Amino acid sequence: VAENFSSAGGGGAGAKVNVSQARSIAFYPNGTFSDTARSGFSGPDVTGLVDGGSRGTVVKRGNLLTFHYDNNNTWTAPYELFSNGLKLDGQIYLKQ
């Protein structure tokens, strides 16, 4: 799971816009994966929540992982393994 939070805007707390995002990638022994994300935002006059997800197969070559999504999209990213997670394309994912 990787999580991000940002806040932008000036003035008082009511003038700020806050955005948060959590992405979870699960790897399975048969070479498949699931990739889900949830984003939320809030501001003076608006709030929202967006969910999404995909599945597919993953291929490892050297220090690269190539994700072949079921919707025909492909994403290749460098990775590093650590005892408590994975650094994927510069983003830290903590093991759950």
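### Side note on the sheet that holds strand 2 (residues 17–27)
Taking strand neighbours across the sheet as the criterion, the eight strands line up as 1-2-3-4-5-6-7-8 in an open arrangement whose pairing is antiparallel. Of all strands in the sheet, those bounded by a partner on one side alone are strand 1 (2–8) and strand 8 (91–94). For this sheet, the mean inter-axis angle between neighbouring strands, taken without regard to orientation, is 30°. As judged from the six bridges shared by strand 4 (residues 47–61) and strand 5 (residues 64–69), these two strands associate in the antiparallel manner. Looking across to strand 5, one finds that Arg61 is bridged to Leu64.

### Description of the nonpolar core
Ranked by size, the top nonpolar core spans twelve residues in total: Ala2, Ile25, Phe33, Val58, Leu65, Phe67, Tyr69, Ala77, Tyr79, Leu86, Leu88 and Tyr93. Elements that contribute at least two residues to this core include exactly strand 5, strand 6 (74–82) and strand 7 (85–88). Among all residues touching Leu86, those that are not within four sequence positions of it are Phe27, Tyr79, Glu80, Leu81, Gln91, Ile92 and Tyr93.

### Topic: the pattern of salt bridges
Inspection of the entire model under this criterion finds two salt bridges. With a shortest N-O distance of 2.6 Å, Arg38 and Asp51 are connected by a salt bridge. Separated by 13 residues along the polypeptide, Arg38 in strand 3 (residues 32–42) and Asp51 in strand 4 bring together distant segments of the chain. Taking the relative accessible area as the measure of exposure, Arg38 reaches 45% and is therefore partly exposed.

### A short note on the packing of aromatic side chains
Applying the stated criterion across every chain yields a total of four aromatic pairs. Taking 4.9 Å as the distance between ring centres and 85° as the angle between the ring planes, the aromatic pair formed by Phe33 and Phe67 counts as edge-to-face. Of this pair, Phe33 sits in strand 3 while Phe67 is found in strand 5, placing the two residues 34 residues apart along the sequence. Given the relative accessible area of 0%, Phe33 is considered buried. A relative accessible area of 0% means that Phe67 is categorised as buried. Between Phe33 and Tyr69 the ring centres are 5.0 Å apart and the planes differ by 90°, which places this aromatic pair in the edge-to-face class. Residue Phe33 is located in strand 3, and its partner Tyr69 is located in strand 5; the two are separated by 36 residues in the primary sequence.

Cut-offs applied
Residues numbered from 1 in each chain as written. Predicted model: local features only at pLDDT ≥ 70, side-chain atom pairs only at ≥ 80, totals over all residues. Heavy atoms only, no water. Pairing = 2+ DSSP bridges. Helix = DSSP H or I, 4+ residues; strand = E, 2+ residues; numbered from the N terminus. Axes fitted to C-alpha atoms, helices over the stretch in contact; angles between N-to-C directions. Core = buried A, V, L, I, M, F, W, Y, C linked by side-chain atoms within 4.5 Å. Buried < 20%, exposed > 50% of the residue type's maximum accessible area, 1.4 Å probe, protein only. Contact = heavy atoms within 4.5 Å. Salt bridge = Lys/Arg side-chain N within 4 Å of Asp/Glu carboxyl O. Phe/Tyr/Trp six-rings, centres within 6.5 Å; stacked < 30°, edge-to-face > 60°.

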